[in-house]
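Next come the chains, spelled out residue by residue.
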Amino acid sequence: LGHPKLYAYPSKESLQSDLYTYVLQAQTDAFARHSKFKVAVSGGSLPAYLASPQLISSSEIQWSKWEIFFADERAVPLDHPDSNYGLFKKELLDKIPSENGQPTVVPIDVQYLNDTQELADAYEQALVRSFAAKDSVKLPIFDLILLGCGPDGHCCSLFPGHPLLREDVAWVAPIEDSPKPPAKRVTLSLSVVTHAVKIAFVTTGEGKQEVLKKIFDEHPDVQGGQVLPCALVNRAAGEKVSWFCDEAAVKGVAFP
Ligand code: 6PG
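- Taking an unreviewed UniProt entry as the reference, the protein is identified by name as 6-phosphogluconolactonase belonging to Morchella conica CCBAS932.
- Looking at the Catalytic activity (unreviewed entry) heading of the UniProt record, one finds this comment for the protein: "6-phospho-D-glucono-1,5-lactone + H2O = 6-phospho-D-gluconate + H(+)".

As structure tokens, then:
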């Protein structure tokens, strides 16, 4: 397994420009395998970084072949301010010119909002419908998963030291005690994340310096005894992982 790639950009625009090229390449690679581009996205600052004017207006992005899932989602209605779907719609979907086609977007099924296990199961079934029957494929293979990295080293709704990190059956799991509010969420499992063809993290700002130093330090004791979820992704997925950061975030980080 090779090393994850770590890129540091001097500006938001330069990061977005390379991220656009990367996404376009992932789309091309996906079309070499099948007719769809299957992507999962997280919340946080990721949608705004992804939604560059370049990507939004690109004639090379084949939106109608995109199938977009949520790497994690909060157990709230889709129009709630905490909804990752709502955020993604506002930051990106609503900006795609209609003549460029529209992606298929798969939000959580809000009829299960008061039972996070059912909410997770229903979302897993949505994945099963897209990625073929669960008993015929052990894990779905996303063409691309786009993630943020929390200051505590979490990604999706996979938090440091949480038992959910050991989930090895479910594709989508509920969490009721997320340390980052809101507490109730559903998330892709770590295995699903690391099984993707490509995984990209987008993380910027001085506030991420300390955690990035830990993530790119191979020694678990430096990470506070437990390996951080983002470091687990690096470790399991190796060269399939790319980090799009700014110069502030990578200060002091040992490049792989
Ligand atoms: C969520 C997000 C979350 C996010 C990270 C990083 O639902 O809370 O999906 O996992 O990606 O917290 O957030 P920032 O990019 O805003 O730092």
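The rest of the description comes next.
### Focus on the site of the ligand
Reasoning step 1: Taken together, 15 residues surround the ligand, and among them S42, G43, G44, S45 and G148 come closest.
Reasoning step 2: When the residues that make up the shell around the ligand are grouped by side-chain class, the tally is 5 nonpolar, 8 polar and 2 charged.

### Digging into the nonpolar core
Reasoning step 1: Counting 73 residues, the largest nonpolar core has I145, L146 and L147 as the members making the most contacts within it.
Reasoning step 2: Discounting chain neighbours no more than four positions away, the residues touching I145 are A40, A71, V193, A196 and I199.

### Brief notes about the pairing of strand β9 (residues 199-203)
Reasoning step 1: Within β9, 5 of the 5 residues are buried, which leaves the element mostly enclosed by the surrounding structure.
Reasoning step 2: Taking every second residue as pointing to the same face, both faces of β9 are buried, with I199, F201 and T203 on one and A200 and V202 on the other.
Reasoning step 3: Pairing geometry for strand β6 (residues 144-147) and β9, over 3 bridges, is parallel. Bridge assignment links I145 to a residue of β9, and that residue is I199.
Reasoning step 4: Relative to strand β10 (residues 241-246), β9 runs parallel, the two sharing 5 bridges. The partner of F201 across the bridge, within β10, is W243.

### Points about the pairing of β10
Reasoning step 1: In terms of residue burial, β10 counts as a mostly covered element, since 5 of its 6 residues are buried.
Reasoning step 2: As defined by bridge partners, strand β1 (residues 5-9) adjoins β10 across 5 bridges and the pair is classed as parallel. Note that in β10 the partner of Y9 across the bridge is D246.

Thresholds applied
- Residues numbered from 1 in each chain as written.
- Predicted model: local features only at pLDDT ≥ 70, side-chain atom pairs only at ≥ 80, totals over all residues.
- UniProt positions renumbered as here; feature names shortened; annotations may be inferred.
- Near = placed C-beta within 6 Å.
- Nonpolar A, V, L, I, M, F, W, Y, C, P; charged D, E, K, R; others polar.
- Core = buried A, V, L, I, M, F, W, Y, C linked by C-beta atoms within 7 Å.
- Buried ≥ 20, exposed ≤ 12 C-beta atoms within 10 Å, placed from the backbone.
- Contact = placed C-beta atoms within 7 Å.
- Helix = DSSP H or I, 4+ residues; strand = E, 2+ residues; numbered from the N terminus.
- Pairing = 2+ DSSP bridges.

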